[in-house]
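# Structure assessment
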Amino acid sequence: MTGFLSSEFFHNYTRSTSAMLGSALMALFAIGVLLGPLLVAQDPYDIANLDLMDSYKPPVWLEGGDPRFWLGTDGQGRDVWASILYGARISVFIGLAAMVASCVIGTLLGLIAGFYGGILDSVIMRIADIQLSFPSILIALFLMSAVGTGVDKVLIALTAVGWVVYARTVRGSTLSEIQKEYVQAARVAGLRNTKIIRKHVLPNVLTPLIVIATIQVGTFVLIEASLSFLGVGVPITQPSLGLLIKNGFDVLFSGLWWTSVFPGVAIMMLVFGINLFGDFLRDELNPRLK
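The present account deals with the structure reproduced in this document. (Residues numbered from 1 in each chain as written. Predicted model: local features only at pLDDT ≥ 70, side-chain atom pairs only at ≥ 80, totals over all residues. Heavy atoms only, no water.)

### Quick look at the overall build of the chain
To keep it simple, the criterion reads: Secondary structure is summarised from DSSP: a helix means a run of H or I of at least four residues, a strand means a run of E of at least two, and numbering begins at the N terminus for each. Note on exposure labels: buried denotes an accessible area under 20% of the residue type's maximum, exposed denotes more than 50%, and partly exposed covers the range between, all computed with a 1.4 Å probe on protein chains only. We call two residues in contact when some of their heavy atoms are within 4.5 Å.
Scanning the chain from terminus to terminus reveals twelve helices and zero strands. Starting at the N terminus and ending at the C terminus, the chain contains elements arranged as α-α-α-α-α-α-α-α-α-α-α-α. In the chain, buried positions account for 44% of the 290 residues. Within the chain, residue pairs in contact and separated by at least 24 positions form 68% of the contacts whose partners lie at least 6 positions apart.

Here it is, written out as structure tokens:
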């Protein structure tokens, strides 16, 4: 721990305003995700706690606001603040889970393509090239339209569009690593290919993946929000931030702006924080990109 605190990375981190701001925003969302039920008095998705008489109450600082609902309520009488905390849990879970799945699958395929080459390399990379010719949101929208809604379906769709960047990055790094002396020496020593990949190649191709993984969480949160806004993402029984925006958008131009604006601000802050920290990691792990 002492070594990390005295490292150049930590020194640069403490002097980077953007990195500190990004970390603070992510920390706020982490606290909200982990402690959400303890920070609000109402479970917004427990029907027994809802009262239609509380529907569309404005934020507390506007005329007619209720101190119990400081960000107002929606059409079902749900506290917007509580809905954001509960919705953020689903959005963050989807972003993190899809990132992990994409990273594992993409890294594995990239290692196979780069290390073994030949027909495996050609097949994997041609699939990646075809997929990259279409926008990610379009592919995800097509998959969700085909398999239906649900958190598990969203995870499958995001993983299907997210593995490509890992595969291409790892393949390129692997092609470079296998030409180096230590890999050649391991082959001469008779080590199995799987052991060479695990012990020698994989540790040396992980650095760029850290940056990709960090930024991809924010990307996945936005894609999931887009899918939910279009009605093909998570179901109404498990509303994410994107679905909250959609529900509020239906009455946005009726003067009930808070039901949509505040969830939108929450997504903006979350993705902004992730991108700020991701940019710092990119600059520190690859100084040539500064």
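Having put the structure on the table, let's press on.
### A closer look at helix 6 (residues 136-147)
Applied cut-off: Each residue after the first adds 1.5 Å to the expected span of a helix. Here, the arc refers to the directions that run from the helix axis to the C-beta atoms.
Helix length check: helix 6 (twelve residues) gives 17 Å between terminal C-alpha atoms against 16 Å at 1.5 Å per residue, within 8%. Three or more residues of helix 6 are buried, namely Ile-139, Ala-140 and Met-144. In a view along the axis of helix 6, the buried residues occupy a sector of 130°, so they form one face of it. The exposed set on the far side of helix 6, more than 90 degrees from its buried face, consists of Phe-142, Ser-145 and Ala-146.

### Describing the side chain of Ser-228
In this fold, Ser-228 is placed in helix 10 (residues 207-229). If we ignore the near neighbours within four places in the chain, the residues touching Ser-228 are Gly-233, Val-234, Ser-240, Gly-242, Leu-243 and Lys-246.

### Observations regarding the nonpolar core
Worth spelling out the cut-off: We call a set of buried Ala, Val, Leu, Ile, Met, Phe, Trp, Tyr and Cys residues a nonpolar core when their side-chain atoms join them within 4.5 Å.
Residues Ile-94 and Val-201 are the most contacted members of the largest nonpolar core, which totals 56 residues. The dominant element in this core, judged by the number of residues it contributes, is helix 4 (residues 80-116), at eleven residues. Within the second largest apolar cluster, seven residues are counted, among which are Met-125, Ala-128, Trp-163 and Ala-167.

### A short note on the environment of Leu-25
With respect to the helices, strands and loops of the structure, Leu-25 is situated in helix 3 (residues 17-39). Judged by its relative accessible area of 11%, Leu-25 is buried. C-alpha of Leu-25 to C-alpha of Arg-187: the two residues are 162 residues apart in sequence and 47 Å apart in space. Those residues in contact with Leu-25 that lie beyond four places of it in its chain are Met-269, Phe-272 and Gly-273.

### As for the packing of helix 8 (residues 181-188) against helix 9 (residues 193-201)
Just so we agree on the cut-off: Angular values range over 0 to 180 degrees, each being the angle between N-to-C directions of two axes fitted as lines to C-alpha atoms, with helices fitted over their stretch in contact. The labels follow the angle: roughly parallel below 35 degrees, roughly antiparallel above 145, roughly perpendicular from 65 to 115, and oblique for the rest. Helix crossings are classified by the rotation of the near helix relative to the far one: an anticlockwise turn of less than a right angle makes the crossing left-handed, while a clockwise turn makes it right-handed. Here the nonpolar group is Ala, Val, Leu, Ile, Met, Phe, Trp, Tyr, Cys and Pro; Asp, Glu, Lys and Arg are the charged ones; every other residue, Gly included, is treated as polar.
Closest axis-to-axis distance for the helix 8/helix 9 pair is 11 Å, and the angle between their directions is 150°. In terms of their interaxial angle, helix 8 and helix 9 are classed as roughly antiparallel. At the point where helix 8 passes helix 9, the crossing takes the right-handed sense. Along the contact surface, helix 8 presents Tyr-182, Val-183, Ala-186 and Arg-187, while helix 9 presents Ile-196, His-200 and Val-201. For the contact of helix 8 with helix 9, the residue count by class is five nonpolar, one polar and one charged.

### Examining the environment of Gly-95
Its location among the elements puts Gly-95 in helix 4. As a C-alpha pair, Gly-95 and Gly-114 span 19 residues in sequence and 27 Å in three-dimensional space. Residues within four places of Gly-95 in sequence aside, it is in contact with Val-217, Phe-220 and Val-221.

### Quick look at helix 4
Put simply, the rule reads: Counting of polar contacts relies on pairs of N or O atoms within 3.5 Å, with two restrictions inside protein: one atom must be capable of donating a hydrogen and the other of accepting it, and residues adjacent in sequence are counted only when both atoms are side-chain atoms.
The first and last C-alpha atoms of helix 4 sit 53 Å apart over 37 residues, in line with the 54 Å expected at 1.5 Å per residue. Capping the start of helix 4 is the job of one residue whose side-chain oxygen sits 3.2 Å from the backbone nitrogen of Trp-81: Asp-79. Gly-117 occupies a position one or two residues after helix 4 and carries a positive phi of about 60°.

### So, the pattern of salt bridges
Test applied: One side-chain nitrogen of Lys or Arg within 4 Å of one carboxyl oxygen of Asp or Glu is enough to make a salt bridge.
With the rule as written, the count across this model stands at nine salt bridges. For Asp-54, the salt bridge identified is with Arg-68, shortest N-O distance 3.0 Å. Of the two residues, Asp-54 sits in the loop between helix 3 and helix 4 while Arg-68 sits in the loop between helix 3 and helix 4, which places them 14 residues apart along the sequence. The class for Asp-54 is buried, based on a relative accessible area of 10%. For Arg-171, the salt bridge is made with Asp-121, and the minimal N-O distance between the two is 2.6 Å. Of the two residues, Arg-171 is situated in helix 7 (residues 151-177) and Asp-121 in helix 5 (residues 118-132); the sequence distance between them amounts to 50 residues. We classify Arg-171 as partly exposed; its relative accessible area is 24%. The structure contains a network of salt bridges with shared partners spanning Asp-54, Asp-66 and Arg-68.

### Structural notes on unusual backbone geometry
Most peptide bonds take the trans configuration, and most residues that are not glycine carry a negative phi. One non-glycine residue, Tyr-56, adopts positive backbone phi at about 55°. Here Tyr-56 shows up in the loop between helix 3 and helix 4. Under the relative-accessibility criterion, Tyr-56 is labelled partly exposed at 31%.

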